[in-house]
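# Observations on chain architecture
So you can see what is in the structure, the chains are spelled out below.
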Amino acid sequence: LQGKSRVPVFRGEETLAESDAFIDWPGDRTHLITEDMTKVQKLRMQPYRSIISREGWKLTLGPEQNEFYDLNVDQYEQNNLFDEVSEKPRINDLTDRINQWQVDTGDTAVLPN
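Presented here is an overview of the structure given in this document. (Residues numbered from 1 in each chain as written. Predicted model: local features only at pLDDT ≥ 70, side-chain atom pairs only at ≥ 80, totals over all residues. Heavy atoms only, no water.)

## Examining the overall build of the protein chain
- When helices and strands are tallied, the protein chain shows 2 helices and 4 strands.
- Sequence-ordered secondary structure for the protein chain, helices as α and strands as β, is β-α-β-β-β-α.
- A burial count over the protein chain gives 31% of its 113 residues as buried.
- Considering only intrachain contacts with a sequence separation of at least 6, the fraction spanning at least 24 residues in the protein chain is 38%. (Helix = DSSP H or I, 4+ residues; strand = E, 2+ residues; numbered from the N terminus. Buried < 20%, exposed > 50% of the residue type's maximum accessible area, 1.4 Å probe, protein only. Contact = heavy atoms within 4.5 Å.)

## Quick look at the pairing of strand β4 (residues 67-70)
- As paired elements, strand β3 (residues 57-61) and β4 share 4 bridges and run antiparallel to each other. Its bridge partner lying in β4, Lys58 is registered against Tyr69.
- With antiparallel pairing between neighbouring strands as the criterion, β3 and β4 make up a hairpin whose turn holds 5 residues. (Pairing = 2+ DSSP bridges.)

## A closer look at the nonpolar core
- Within the largest apolar cluster, 11 residues are counted, these being Ile51, Trp57, Leu59, Leu61, Phe68, Leu81, Phe82, Ile91, Leu94, Ile98 and Leu111.
- For this core, the elements supplying multiple residues, two or more each, are β3 and α2 (88-105). (Core = buried A, V, L, I, M, F, W, Y, C linked by side-chain atoms within 4.5 Å.)

## Section: the sheet that holds β4
- Strand order in this open sheet of 4 strands is β1-β2-β3-β4, and the pairing throughout is antiparallel. Edge positions in the sheet fall to β1 (21-25) and β4, since each of these pairs with one other strand and no more. Across the sheet, the mean angle from the axis of one strand to that of its neighbour is 10°, orientation sign disregarded.
- Bridge count between strand β2 (residues 48-52) and β3: 4 bridges; the pairing is antiparallel. Each residue of the ladder has a partner; that of Ile52, found in β3, is Lys58.
- In this fold α2 packs onto β1, β2, β3 and β4, with an angle of close to 65° to the strand it touches most, β3. (Axes fitted to C-alpha atoms, helices over the stretch in contact; angles between N-to-C directions.)

## Digging into the packing of aromatic side chains
- Under the criterion given, the structure shown has 3 aromatic pairs.
- Residues Phe22 and Trp101 carry aromatic rings whose centres are separated by 5.3 Å and whose planes lie at 10° to one another, so their mutual orientation is stacked. Note that Phe22 is positioned in strand β1 and Trp101 in helix α2, a separation of 79 residues in sequence.
- The ring of Phe82 has Lys88 lying over it, and the distance from NZ or CZ to the ring centre is 4.5 Å. (Phe/Tyr/Trp six-rings, centres within 6.5 Å; stacked < 30°, edge-to-face > 60°. Lys NZ or Arg CZ within 6 Å of the ring centre and 35° of its normal.)

## Quick look at the pattern of salt bridges
- Applying the stated criterion across every chain yields a total of 9 salt bridges.
- Arg90 is paired through a salt bridge with Glu87; the nearest N and O atoms lie 3.1 Å apart.
- Using a relative accessible area of 36% as the deciding quantity, one classes Arg90 as partly exposed.
- We note a salt bridge from Asp93 to Arg97, for which the minimum N-O separation is 2.8 Å. In this pair, Asp93 and Arg97 both sit in helix α2, 4 residues apart, roughly one turn of the helix.
- By relative accessible area, Asp93 is classed as partly exposed at 34%. (Salt bridge = Lys/Arg side-chain N within 4 Å of Asp/Glu carboxyl O.)

All we've got here are geometric facts, nothing functional implied.
Set out below in structure tokens:
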């Protein structure tokens, strides 16, 4: 590559404005989960998948905790909207996008429905 990226976004030729970004965390498998771990330590051990949508929403799905934020007004992710009934259609849409990404990439992580 000789110092130049072949990815058009990195070269400034395209933007991600019309794209979703996916985050794949496989889980920290270097330790065994024990009873004396904090909740944060246990969550770090679990796999999760996230989508940051082109519309400015972030959904994170994992085996023990799910989170949903409107990054347009909550950039520091302080107000988890996952349990808000009014947000279920949007959460379902983003969940479908994560599921399709998993199919497209061959990702086999088991996520909640």
